[in-house]
Amino acid sequence: MDVLARMRTCGIVPVVVLENADDAVETAKAMLRGGVDVTEITFRTAAAPESIRRVAQKVPDMLVGAGTVVTLDQCKEAVECGARFIVSPGYDEEVVSWCCAHSVPVTPGCVTPTEIMAALKHGLKVLKFFPANVYGGLSALKALSGPFGGVKFIPTGGVGPANLADFAAAPQVHAVGGSWVCPKGDIAAHSFEKIEGLCREARQVIEKTRP
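Heads up: these notes are all about the structure in this document. The shown structure was predicted, so the numbers you read here are calculated from the model rather than taken from an experiment.

1. So, the overall build of the chain
So, step 1. Of regular secondary structure, the chain possesses ten helices and eight strands.
So, step 2. What you see for the chain is a C-alpha radius of gyration of 16 Å, in line with the 17 Å of a compact globule of 211 residues.
So, step 3. Along the three orthogonal principal directions, the C-alpha set of the chain runs to about 45 × 40 × 30 Å.
So, step 4. When each of the 211 residues of the chain is scored for burial, the buried share is 55%.
So, step 5. Considering only intrachain contacts with a sequence separation of at least 6, the fraction spanning at least 24 residues in the chain is 61%.
So, step 6. Side chains of the chain give 21 positive and 22 negative charges; the mean places of these two sets differ by 6 Å.

2. A closer look at the nonpolar core
So, step 1. One finds Ile 12, Ile 52 and Ile 86 to be the most contacted residues of the largest nonpolar core, which totals 74 residues.
So, step 2. When residues of this core are assigned to their parent elements, the largest contribution, six residues, is made by helix α10 (residues 192–209).
So, step 3. Here Ile 86 is in contact with Ala 66, Val 69, Cys 75, Ala 78, Val 79, Val 95, Cys 99, Val 104, Pro 105, Val 106 and Thr 107, once residues within four sequence places are set aside.

3. A word on the pattern of salt bridges
Charged atoms that come close allow side chains of opposite charge to pair.
So, step 1. Enumeration over the complete set of coordinates arrives at nine salt bridges.
So, step 2. A salt bridge links Glu 50 to Arg 54; the shortest N-O distance between them is 2.9 Å. Taken together, the residues span about one helical turn, with Glu 50 and Arg 54 both in helix α3 (residues 48–58) at a distance of four residues.

4. Points about helix α5 (residues 93–101)
So, step 1. Turning to α5, its buried residues are Val 95, Val 96, Trp 98 and Cys 99. The buried residues of α5 all sit within an arc of 165° when viewed along its axis, so they share a single face. Of the exposed residues in α5, the ones pointing more than 90 degrees away from its buried face are Glu 94 and Ala 101.
So, step 2. For α5, the elements touching its buried residues are α4 (72–81), β4 (86–87) and β5 (106–107).
So, step 3. Residue Asp 92 occupies the N-cap position of α5, its side-chain oxygen lying 3.1 Å from the main-chain nitrogen of Glu 94.
So, step 4. Looking one or two residues past α5, Ser 103 carries a phi angle of roughly 55°, positive in sign.

Rules of the game
Residues numbered from 1 in each chain as written. Predicted model: local features only at pLDDT ≥ 70, side-chain atom pairs only at ≥ 80, totals over all residues. Heavy atoms only, no water. Helix = DSSP H or I, 4+ residues; strand = E, 2+ residues; numbered from the N terminus. Rg over C-alpha atoms; globule rule 2.2 N^0.38 Å. Buried < 20%, exposed > 50% of the residue type's maximum accessible area, 1.4 Å probe, protein only. Contact = heavy atoms within 4.5 Å. Lys, Arg positive; Asp, Glu negative; His and termini not counted. Charge placed at Lys NZ, Arg CZ, Asp CG, Glu CD. Core = buried A, V, L, I, M, F, W, Y, C linked by side-chain atoms within 4.5 Å. Salt bridge = Lys/Arg side-chain N within 4 Å of Asp/Glu carboxyl O. Arc of directions from axis to C-beta. Polar contact = N/O pair within 3.5 Å; in protein donor to acceptor, adjacent residues only side chain to side chain.

Written as structure tokens, this is what we have:
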């Protein structure tokens, strides 16, 4: 199963903020126990590269990628560390072009028709929609699906337990993104059983509501 298919099957791409690379492996294992086998480790912290490396090496059942990638240097470093996909908050031509040239799955953030059309030129059909709550949420996704029927989205930002079912049920949604299943406070506190439970709850909702 390829990367995008794994995302679709899982239904959720958790955004994981790690302040300490020593927590990466146990966090990934907790997510796996909860039924989530995809993780997006964000480059918001200095621990991201080493965290990706450790998960890639020590938790082979986890599909690990890099998020909040805003420069080509970050992109290359993430892939060198073992990231199998790249997620950007916005559309960056340099990052997208490099990923496509090197067969690295990439989901850039695209919230306007112009950005979506730029992504389509590279053959991309799964795009991040961020921040979803600011740019119109489900209403925006449904409107965009008119001219861009072949595009699926990963809405992130403002998605959580209260509206997960609504997003998961939408045919325009490839998977949802968010950090509520692995809060950085729980990671720091080593509350891995709580993370496992949050992942399991999210997966149960997704399995019940996916079209």
